[in-house]
Amino acid sequence: MPSPKILVIPGSNRAGSHNVRLAALAAKELTLIDADVTRISLQDYPLPLYDADLEVRNDLPANAVKLKQMMMAHHGVFIASPEYSASVTPLLKNAIDWVSRVRERNDPLYAAFRNRVFAISAASPERSGGLRSLMALRQILELGCGALVIPEQVAVQQADQAFDDMDNLIELRTANLLRAQLARLVEMARLFA
Ligand SMILES: Cc1cc2nc3c(=O)[nH]c(=O)nc-3n(C[C@H](O)[C@H](O)[C@H](O)COP(=O)(O)O)c2cc1C
């Protein structure tokens, strides 16, 4: 059976980002359960703020097309999303908005969000663990883009103290929740492989 291909995307480019750390852990755990993992940084896909006039002129940024193609090349997508003002980061929302507008050849609408499965997680120094960013992200992906998002989600609370020196989660309960979520993601991604 071929390994399902999973793309891992942190919604932060910040040096020392907790969500980059969470994304790295998820990538490591996914590899251990036989997924073929690609971890990217949105830093490598700089995009202007979404501009409908560029779209009208069919002048989509090359990085929007590249990011869309990167998503299309995977059966599953794991997103680690920081919480900004009870929602997702502008970085992540802008990337999703651009990708949602890319249509190549005979692509259906929202092609990058169809025929694959998404899993969402968050890490925040606050006690809520970025739970509200997960609510917002689920709404964007499911209602906005028509994506399939698995119900399992992980919010890492007090993320500044949540990881040990090896970048593993200290709290067993959260570590197990993440493993269960990733197992489900891989199981679902196999259906699209
Ligand atoms: C503009 C802004 C708004 C924020 N709003 C929230 C918030 O609503 N809830 C929360 O838990 N943390 C909030 N934070 C704190 C972030 O969760 C924290 O900076 C976190 O470390 C960002 O994720 P990162 O470490 O992956 O970059 C906010 C931070 C910024 C800069």
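Quick caveat: nothing in here was measured; it's all calculated off a predicted structure. (Residues numbered from 1 in each chain as written. Predicted model: local features only at pLDDT ≥ 70, side-chain atom pairs only at ≥ 80, totals over all residues. Heavy atoms only, no water.)

Caption draft 1: Inspection of the site of the ligand at higher detail. The local shell around the ligand holds 14 residues, among which Arg14, Ser17, Asn19, Glu83 and Ser124 are the closest. Serine 12 is positioned such that a nitrogen or oxygen atom in its side chain is 2.8 Å from an oxygen atom of the ligand. Between the ligand and serine 124 there is a distance of 2.7 Å, counted from an oxygen atom to a side-chain nitrogen or oxygen. In isolation the ligand exposes 620 Å². Once the protein is present, 72% of that is buried. Here the residues of the shell around the ligand are counted per class, giving four nonpolar, six polar and four charged. (Near = heavy atom within 4 Å. Polar contact = N/O pair within 3.5 Å; in protein donor to acceptor, adjacent residues only side chain to side chain. Areas by Shrake-Rupley, 256 points an atom, 1.4 Å probe, with all protein chains shown as cover. Nonpolar A, V, L, I, M, F, W, Y, C, P; charged D, E, K, R; others polar.)

Caption draft 2: Structural view of the sheet that holds strand β2 (residues 36-39). Spatially, five strands are ordered β2-β1-β3-β4-β5 in an open sheet, and the strand pairing comes out parallel. The open sheet terminates on both sides in strands that have one partner only, identified here as β2 and β5 (148-156). On average, adjacent strands in this sheet sit at an angle of 20 degrees to one another, irrespective of strand direction. Direction of pairing for strand β1 (residues 5-10) relative to β2: parallel, over a ladder of four bridges. Each bridged residue has a counterpart across the sheet, and for isoleucine 6 the counterpart in β2 is valine 37. (Pairing = 2+ DSSP bridges. Helix = DSSP H or I, 4+ residues; strand = E, 2+ residues; numbered from the N terminus. Axes fitted to C-alpha atoms, helices over the stretch in contact; angles between N-to-C directions.)

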